[in-house]
Number of protein chains: 4
Amino acid sequence: MFEQKFFGGRESAVASYCRSFPAVFERSQGAEIWDEGGRRYLDFLSGAGALNYGHNNADLKEALLGYIAGDGPAMSLDLRTSAKAAFIRVFSENILQPRNLDYSIQFTGPTGANAVEAALKLARKATGRQTVATFTNGFHGMSLGALSVTGNSHHRGGAGTFLSGAARLPFEGYLGDGFDTLAYFEKLLTDPSSGFDCPAAVILECVQGEGGLNVASNDWLQRLQSICRAHGILIIVDDIQAGCGRTGTFFSFEESGIFPDIVTLSKSLSGYGLPFSIVLMRPEIDCWTPGEHNGTFRGNNHAFVTATAAIELFWKSDDFSLAVQALAARVTEHLDAISAAHPSMVLCRKGRGMMQGIACRSPEDAAQITRFAYEDGLIIERAGPQDEVIKVFAPLTISESLLDEGMGILSGAFDRCAKMKACGAA
Amino acid sequence: MFEQKFFGGRESAVASYCRSFPAVFERSQGAEIWDEGGRRYLDFLSGAGALNYGHNNADLKEALLGYIAGDGPAMSLDLRTSAKAAFIRVFSENILQPRNLDYSIQFTGPTGANAVEAALKLARKATGRQTVATFTNGFHGMSLGALSVTGNSHHRGGAGTFLSGAARLPFEGYLGDGFDTLAYFEKLLTDPSSGFDCPAAVILECVQGEGGLNVASNDWLQRLQSICRAHGILIIVDDIQAGCGRTGTFFSFEESGIFPDIVTLSKSLSGYGLPFSIVLMRPEIDCWTPGEHNGTFRGNNHAFVTATAAIELFWKSDDFSLAVQALAARVTEHLDAISAAHPSMVLCRKGRGMMQGIACRSPEDAAQITRFAYEDGLIIERAGPQDEVIKVFAPLTISESLLDEGMGILSGAFDRCAKMKACGAA
Amino acid sequence: MFEQKFFGGRESAVASYCRSFPAVFERSQGAEIWDEGGRRYLDFLSGAGALNYGHNNADLKEALLGYIAGDGPAMSLDLRTSAKAAFIRVFSENILQPRNLDYSIQFTGPTGANAVEAALKLARKATGRQTVATFTNGFHGMSLGALSVTGNSHHRGGAGTFLSGAARLPFEGYLGDGFDTLAYFEKLLTDPSSGFDCPAAVILECVQGEGGLNVASNDWLQRLQSICRAHGILIIVDDIQAGCGRTGTFFSFEESGIFPDIVTLSKSLSGYGLPFSIVLMRPEIDCWTPGEHNGTFRGNNHAFVTATAAIELFWKSDDFSLAVQALAARVTEHLDAISAAHPSMVLCRKGRGMMQGIACRSPEDAAQITRFAYEDGLIIERAGPQDEVIKVFAPLTISESLLDEGMGILSGAFDRCAKMKACGAA
Amino acid sequence: MFEQKFFGGRESAVASYCRSFPAVFERSQGAEIWDEGGRRYLDFLSGAGALNYGHNNADLKEALLGYIAGDGPAMSLDLRTSAKAAFIRVFSENILQPRNLDYSIQFTGPTGANAVEAALKLARKATGRQTVATFTNGFHGMSLGALSVTGNSHHRGGAGTFLSGAARLPFEGYLGDGFDTLAYFEKLLTDPSSGFDCPAAVILECVQGEGGLNVASNDWLQRLQSICRAHGILIIVDDIQAGCGRTGTFFSFEESGIFPDIVTLSKSLSGYGLPFSIVLMRPEIDCWTPGEHNGTFRGNNHAFVTATAAIELFWKSDDFSLAVQALAARVTEHLDAISAAHPSMVLCRKGRGMMQGIACRSPEDAAQITRFAYEDGLIIERAGPQDEVIKVFAPLTISESLLDEGMGILSGAFDRCAKMKACGAA
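Residues numbered from 1 in each chain as written. Chains lettered and ligands numbered in written order. Predicted model: local features only at pLDDT ≥ 70, side-chain atom pairs only at ≥ 80, totals over all residues. Heavy atoms only, no water.

**Examining the domain arrangement of chain A**
Residue and element names in this part refer to chain A. Examined at the domain level, chain A breaks down into domain 1 (5-56 + 319-425) and domain 2 (59-314). One C-alpha centre belongs to domain 1, the other to domain 2, and the line joining them spans 26 Å. The partner domain 2 presents 28 residues to the 32 residues of domain 1 that form the contact. Across the domain 1/domain 2 interface, buried area totals approximately 2500 Å², and carbon plus sulfur atoms make up 52% of it. On the domain 1 side of the interface with domain 2, the three residues burying the most area are Tyr-53, Arg-352 and Met-355, jointly 32% of the side's total. The interface formed by domain 1 and domain 2 includes one salt bridge. The partner of Glu-210 in a salt bridge is Lys-391, and the shortest N-O contact between them spans 3.0 Å. In this assembly, domain 1 and domain 2 are joined by 20 residue pairs in polar contact (both at pLDDT 80 or more). Put simply, the parts of the chain that give the side of domain 1 that touches domain 2 at least two residues each are helix H2 (46-49), helix H11 (319-341), strand S14 (346-352), strand S15 (355-360) and strand S18 (389-392). (Domains from an automatic or database assignment. Contact = heavy atoms within 4.5 Å. Buried area = accessible area lost by both parts, 1.4 Å probe. Salt bridge = Lys/Arg side-chain N within 4 Å of Asp/Glu carboxyl O. Polar contact = N/O pair within 3.5 Å; in protein donor to acceptor, adjacent residues only side chain to side chain. Helix = DSSP H or I, 4+ residues; strand = E, 2+ residues; numbered from the N terminus.)

**Points about the side chain of C:Gln368**
Residue and element names in this part refer to chain C. Here Gln-368 is to be found in helix H12 (residues 363-375). On the accessibility criterion, Gln-368 (15% relative accessible area) is buried. Beyond its immediate chain neighbours, meaning those up to four positions away, Gln-368 contacts Cys-417 and Met-420. (Buried < 20%, exposed > 50% of the residue type's maximum accessible area, 1.4 Å probe, protein only.)

**Remarks on the relation of the copies chain A and chain B**
Mapping chain A onto chain B calls for a rotation angle of 180 degrees and an axial translation of 0.0 Å; the resulting RMSD is 0.0 Å. Expressed as an axis order, the relation between the two copies is that of a two-fold axis. Within chain A, the C-alpha atom positioned nearest to the axis of rotation is that of A:Leu144, 2.7 Å from it. The share of interface residues of chain A whose copies in chain B are also at the interface is 100%, consistent with both copies meeting through the same surface. (Least-squares fit on C-alpha atoms with pLDDT ≥ 70 in both.)

**Some words on the interface of chain A and chain B**
Counting from both sides, the interface comprises 112 residues of chain A and, opposite them, 112 residues of chain B. Interface of chain A and chain B: buried area, both sides summed, is about 9600 Å²; carbon and sulfur atoms make up 59% of it. Linking chain A with chain B are six salt bridges. A:Lys84 is the salt-bridge partner of B:Glu11, the closest N and O atoms lying 3.0 Å from each other.

**A short note on the environment of C:Gln106**
By the secondary structure assignment, C:Gln106 is in strand S5 (residues 104-107). With relative accessibility at 1%, the residue C:Gln106 sits in the buried group. Taking the C-alpha atoms as reference points, C:Gln106 and C:Ser411, separated by 305 residues in sequence, lie 43 Å from one another. In contact with C:Gln106, other than residues within four places in its own chain, are C:Ala118, C:Ser277, C:Ile278, C:Val279, C:Met281, C:Trp288, C:His293, D:Ser12 and D:Val14. Polar side-chain contacts of C:Gln106 include one of 2.9 Å to the side chain of C:Trp288.

Below, the structure written as structure tokens:
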């Protein structure tokens, strides 16, 4: 009754991306990736945000090769290493200090889910409250705590048990302009009979990646922060997908001016696609006792090395940030052009910075278009509740010509889908 | 009121191992590791079991350098890559097939906790039951699901919330010979008023690493399997620490002859200390739908490369296994000698294979002894409910001379502690 | 640090109503009650809705005295008795059949909370879903299941543990006209990434008693029923306070035309203030196995006897219902007059039928007014999130003159409060 | 697919006792009860312990008739009444003071489950801990909190959801003499890696009624108290079934000399089968705030009246207690005689005081025997995990001749069953 075994007859039926993109990949560079047969693809998936600097960046690669060749410790639990010291210094000097962010750093297990789990535990421990408020269409991971604050019902169903501890709130714009989502939140908090227990924290993505590129406005984030401050509720920004430059600044919340109590980072943090996560927390809430949240792979030194190199390469000045913003404007233009050409298929353009996309009116269209794109050598995925949003996740370092090439393929896939529908209707 | 910031003034108070071993490490090879000042240490911690083949094994290093230099994709979500294909093939041919283990492989996020989370979800989903039975002194990870089946109260307290979904059972020997722990389990299952809801699964370590090197006998495991089979309860062997050769065979349960329904592997799986985990499951219970349990770092190709190289290097024949068993006998001899020399300090030798240790009568002694050992250049840790068990976790590839050297340091630390106590008593 | 012992130096600090109304009561008749000193009070509290037919109604009293004198069994677990048979017959013929309500009857433990617990369990069991949706300001009882669906934070705090299993929805009008609460509910249900797990049931009061006399409109109830039917969600109407004629019809939902899947009744069901509860359920969802939900006091025959007498006395025709509606109109007039006289103190009149009241702008005013009323011989309580709603809960059988007398006292208390505030302001 | 509607075509399929004893009862006196056809039965069920003083005791009846006739308030929420004052005084003077028990009294909703819910909440609130430890075969009620600490899987299954918050411990003798259940409990508490979170309280019955008449010895209770005191764990004795004289003393724990922190009473508390429960608590842990745990039927004055009369009638001296103990010895003799006559059918006699019974080797025999007994006019029920224990629950006030008569019927039923089996075997 269950599905057949997968890759090589051995892989569990849980495998997913490889169903859409069944090629066997062998080599990759920047925005390009080649399969075993030598066929080239453009990568607009970027490891779901884990390859913001593209595949195998030369500077990072050189740093990593040198470290390995020199027998630098590969793993170190949470022992101190030179590589870790360098990362802490470079991250502090180039990321935290210029933004006036006074954070302590926790090295958690190297997955986003693990960082989220640590953040949730810390928030509960620091406040003594048990509920964490989370938002419609939020996505935070697969382990039991992270899953409880995740909206997706397909993933929630995988738990095989009741998920507790989360209270759900509507994200900005959830029911259109008529529904002031934060007024609702505030009412729930101030009404002692609302049944909404004051939460330890809210956890949110400033731009919801998997949830469909929904953007929280700066105003909304500011109001959210005011409400939370008034009730002693911590703000956890899950910047695992939207952080590390994806929106045009290092953190997704920079423009809004809010100062989250806790921030989770992962995915592109290592710069090279290596597993690495951290939790940033205001020092006042760092109430951990030693080893209270531990884990084997907190000391992935290879990731420290490439992360350090990436920060030095991209974040010592504003230049990279400005370049990403310019590139994002080019993405916007492309998407607007496609939207204008296919008003019957396109609902709207969505997202911010280099995490933009097109919401199709029909999820089937979106699926068809990404299939066509793949046939033409473009790897691109979908997001949103119905997988109706085609999500352009090109590397931030992509050249204009490769970006245009990929956009051309995408545009062609829209055309082909439109033609197919016209035929079908005839 | 909270602790001061740690390493570099930035690290969270949660840091732990680095408190016992404050050196800053820079280079490592096999069983040796050097700090920034050039001082050499022997490593009897081995990344808490993640470095069974020692630091930076030359063959694995070569394979990894080649892969990186050739621009092999570093991360691939769960896309198919040549590196993944090779791992699946080599793992099947050399690990599964010779042991007649027909398992499907799930690539989870690369931490042990993530593998445990996936295993728990799968067991619940496959059986439709919600409770998972777990054992006293079991250790399975820090995320909410994994933590709920973990015994350690220090870690449990970090959750900041009530941990549900687990039912606790006594491990073999929990109250000495008079208490037949499995008779108790069976009574709970067959008594319809016991209040013990029939669980989806039991999760256990055949040798409890963090819990104090408690060993389940083959008989006990066989009886446990019979009971579980009779009640449709799945058996999850968490082989994250005891697997990958640590007990002398690849899996810790081989000698017992049981066939677990689900097995989790991590730590030494990559062979190089890189984050990597898999869940093995009998194909009949692989009821996952595509993507139901996903995660960014399921495709850590660097780890695939070193894992493949490690299997080819160590597990193509029985030679390595036999060598590890011989080495383990040498560890036993050393520990028996120490025990015989210090009957007033030593309760007993514990553990199996290359995960043996000495249970001290006093946790303070154990702490003092490992501090003395560190002063003499030996990194060695403690385990057990009171951290009373000194845990010898040397690489499986250590030379006899380095093993003897390390054991000499440990023996000296016992002597020094004994002398100190004699003086103190005088 | 805890409060002094209460009544007679022995009662727990949990005692509540007796703090507002400290007299020791000795005798009661209809809407009147006398304390040990012979002082007479009008009762506009009516046992919080448990005395809809007033104290010690003569016909019911006669039936009860006869039953007791004749050695009718007082308690019978759920054995069959003549008294139970009579109740089932009379309730079916006079309540269910004329309203075309085909319900099975479950005799639960005799408290409202127990009926709610049974309803929640049944809904979960019948649907296989675990969450129950509940509304802001809903009140359903103190046991763990009932409390989880109750909104009041004071009561929730008493649990001493995390309350799970409920999902909170905004009641009609929760944020004013701009917020379409059912559109929000429907969005949560149809969005597969909302994080709102499709519930087993919604539980609601058509008029929220403790929550502040909030009224669900017929349209809203009809729409709610449509949404629930579309998603296989059961509707539980908790008619414990609003049922048994309190709104002018036997059930509070009659006017709306909805057909709940489950209805809980208690409080005035016995007609005499004796503990008695039932759960009504559509026969198709009666999936209980024998004894699966049991309890000692399911067979309170004294309550069967008075309940049977009450139905025969009041519900054989429409006359009583019409009389209650006329009386309710008189209450409305009184409250409108008070409101008109004190616009600066009164926010609005609220409620429906004989469960109406006045929402004060200031909770302190409301408290002061009820204190003044008590001094003048009127027992009247408050409701609402801030206890800001003065709640007129006169017996449905009260004479016009006693109603007017009580309303006069209430009106006087408003005047006195107004005067006091004027002085205070001067 | 569900069962047909029951009594009168209207009663839910959940009905239970009436399936074993389908007569329709009409009149009852002492230990006798008559059906509508005038047939007489002996009642060895006694309302599952709610009729310790038999049906319709004359003195209690007179007090109740007088109260009703004089228009004493029937229900009073938790307002003070003369009837409540009398109960508090009489209970304090005759029950608490002579036993040196300094308890505050909480008037909860009138069911045992409600008292248990209040006790669990109080224990959690007073200690700040979330788990409550409970015992195999314990039975505490059907609402979600009470059910979570109940062992019976049939009832637990009715929840339709996961039951959390309880930790299960083995009751005395659970695995025979070889298993020291309290040594196990103590090990779990003192081992910081046991995974057993230190509970707020243990809840237990000194004689488990529904669980099969399992008796906790005085020694075991004393040791349990020592362990609990050492860890700040509260002791809740659920004396709902075993209290009010059933074991020969008012409380079941008197002989053991323990002083529980919390005691729940219900069932026979009113003396007349009327719904009534209280929670007794040491004043130091009475941390309730006013109204934090409330409920409509906390003021069941009819029950106050009969409870007061019962205490005055039976508990002013030791006479009643001594008489019950003598009667219990007679029950023991009868049961021993039956056991001696049927060694192949009887496993052992169980229980204490007037809650004794016979454990049959086969549950089918037990069912057959109670059916035969009913045919001969004796109402008697079964208990235990498999319903294998025939439970003699005669009124404490039964005459020797009626006791002998009932025992004669039971003995005859054993004979008949033995004969039937002999024939079947032939």
